[in-house]
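Here is how the chains run, residue by residue.
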Amino acid sequence: MTPRAADRARYDRATAQLDAPLAVVDLEAFDANADDLVRRAGGKPVRVASKSVRCRALLERVLARDGFAGVMSFTLAESLWLARAGFGNVLLAYPSADRAGFAELAGDAKPAGAVTVMVDDVAQLDLIQASRAGGTEEIRICLELDTSLHLLGGRVRIGARRSPLREPGELADLARSVARRPGFRLVGLMAYEGHVAGVGDAVAGRPVRSRAIRLMQSAARKELAARRAAVVRAVRAVAPDLEFVNGGGTGSVQHTAAEDAVTEIAAGSGLFVPQLFDNYTSFSGRPAALFALPVVRRPGVGVVTVLGGGYPASGVAGKDRLPVPYLPEGLRYDPQEGPGEVQTPLLGSPADDLRIGDKVWFRHAKAGELCERFDTLHLVEGDRVTAAVPTYRGEGQTFL
């Protein structure tokens, strides 16, 4: 029996009394992936990206482990919810225009002390100030640095379009704007190198493209390390008590951790290891989060139909954004249909061994987006489900 076949047998036994569709997290794999992130971080704390987990119980589980400290959230409403739930170190990774949320933050000492918000424009400071509604609590501020790689004099840009702040002087100017405003305190700096951390460099069947990605990422790491160090120096000259400099992402943990200017690493997808993270040379992990769909039809030889399945991931539309039929091995989508809104035909010889009601196990292309489809995660240890915990959706929290 192959390791994947053994996993399928375990998951089938563990969920034998549960009807699909359902989602599971293999805790042994989850914990092993957590250990690997800590190892690669080389002694620097790992801040967990909540958008890649979207389950309070699992956030609490990983934060209880040595080597992890703090949450990187994705909306202000989520940040406030986590702070009220007792999470004490929450960095909002994206600017917000949630006026009601900022009024709550400015009016309550507990979340104000726990939540740091992201800014890359004076206009965002103006919006926060105008939203205070009489609240006087100090707002903790983090600045974001654009990490994109510019080539050919800036005519070619590689990387996400995030912050407009790129050069040390630009970050220092905004730092001074924060320092001049009563009621704000600059505490952090963030730089997310998504073109390094979030792009696989070993794409199956694409050796030339993979080589080009590795060359790009090598150049990007060198350029960013020098620029990030200069930015940190410039910002610390304005705010010498800066508490943290955050960088990284699952795919670049060890490279970012090697930079002296960085004090903590962000990662989250590496806990679940979704399908997109199979294409990396820098690390390998164990798939920990899967979902199962039931076989409901057998239309013919070599084909079964499962219920549901149309769960594409965000990003540029393409095959790499689709869930992958994982167990049993050897199933594939019908190219004329793909994964459907309410049913999905699957082709391949393993289909002939599947019966009505059997489970087919899938891996999502990305990590936390799986939890937007399921309200419960069944936690598997060995061949038993030892707990069922709510996702954000299961707690009635749909932040985006």
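As recorded by an unreviewed UniProt entry, the chain carries the name Amino acid deaminase/aldolase and is attributed to Streptomyces roseicoloratus.

### Some thoughts on the overall build of the chain
When you go through the chain residue by residue, the secondary structure sums to 12 helices and 19 strands. The C-alpha radius of gyration of the chain comes to 22 Å, within 12% of the 21 Å expected for a compact globule of 400 residues. Across its three principal axes, the chain shows a C-alpha extent of roughly 70 × 50 × 35 Å. Restricting the contact set of the chain to residue pairs at least 6 apart, pairs at least 24 apart contribute 69%. As displayed, the chain offers around 17,000 Å² of accessible surface, 51% of which is attributable to carbon and sulfur atoms.

### Structural notes on the pairing of strand β17 (residues 359–363)
Consecutive side chains along a regular strand alternate between the two faces of the sheet. Most of β17 sits inside the fold, with five of its five residues counted as buried. Where burial is concerned, the two faces of β17 agree: the one with Lys-359, Trp-361 and Arg-363 and the one with Val-360 and Phe-362 are both buried. Bridging between strand β14 (residues 324–327) and β17 involves three bridges; their strand directions are antiparallel. Within β17, the residue paired with Pro-325 across the bridge is Phe-362.

### Section: the pattern of salt bridges
Scanning the entire structure with this criterion turns up 32 salt bridges. Across the pair Arg-10 and Asp-7 runs a salt bridge, and its minimum N-O distance is 3.0 Å. Pair noted here: Arg-10 and Asp-7 are both in helix α1 (residues 3–14), with a separation of three residues, about one helical turn. Across the pair Arg-227 and Glu-223 runs a salt bridge whose closest N-O atoms are separated by 2.6 Å. Of this pair, Arg-227 and Glu-223 are both found in helix α10 (residues 207–238), four residues apart, which corresponds to roughly one turn of the helix. Members of the salt-bridge network, linked through shared partners, are Asp-146, Arg-157, Arg-166, Glu-167, Glu-223 and Arg-227.

### Topic: the sheet that holds strand β3 (residues 68–73)
With respect to topology, eight strands assemble into a closed barrel ordered β2-β3-β4-β5-β6-β9-β10-β11, the strand pairing being parallel. Strand-to-strand twist across the sheet, computed as the mean angle between neighbouring axes with direction ignored, equals 30 degrees. Pairing analysis gives four bridges linking strand β5 (residues 115–119) to strand β6 (residues 139–144), with the strands arranged parallel. Following the sheet pairing, Val-119 is matched in β6 by Leu-143.

### Here's the deal with the packing of helix α4 (residues 76–84) against helix α5 (residues 99–107)
Two packed helices can be described by the angle between their axes and the distance between those axes. In the contact formed by α4 and α5, the axes pass within 9 Å of each other and the chain directions differ by 30 degrees. Crossing angle aside, the handedness with which α4 passes α5 is left-handed. Contacts between α4 and α5 pair Leu-76, Leu-80 and Arg-84 from the former with Gly-101, Phe-102, Glu-104 and Leu-105 from the latter.

About the cut-offs
Residues numbered from 1 in each chain as written. Predicted model: local features only at pLDDT ≥ 70, side-chain atom pairs only at ≥ 80, totals over all residues. Heavy atoms only, no water. Helix = DSSP H or I, 4+ residues; strand = E, 2+ residues; numbered from the N terminus. Rg over C-alpha atoms; globule rule 2.2 N^0.38 Å. Contact = heavy atoms within 4.5 Å. Areas by Shrake-Rupley, 256 points an atom, 1.4 Å probe, with all protein chains shown as cover. Buried < 20%, exposed > 50% of the residue type's maximum accessible area, 1.4 Å probe, protein only. Pairing = 2+ DSSP bridges. Salt bridge = Lys/Arg side-chain N within 4 Å of Asp/Glu carboxyl O. Axes fitted to C-alpha atoms, helices over the stretch in contact; angles between N-to-C directions. Left-handed = near helix turned anticlockwise from the far one by under 90°.

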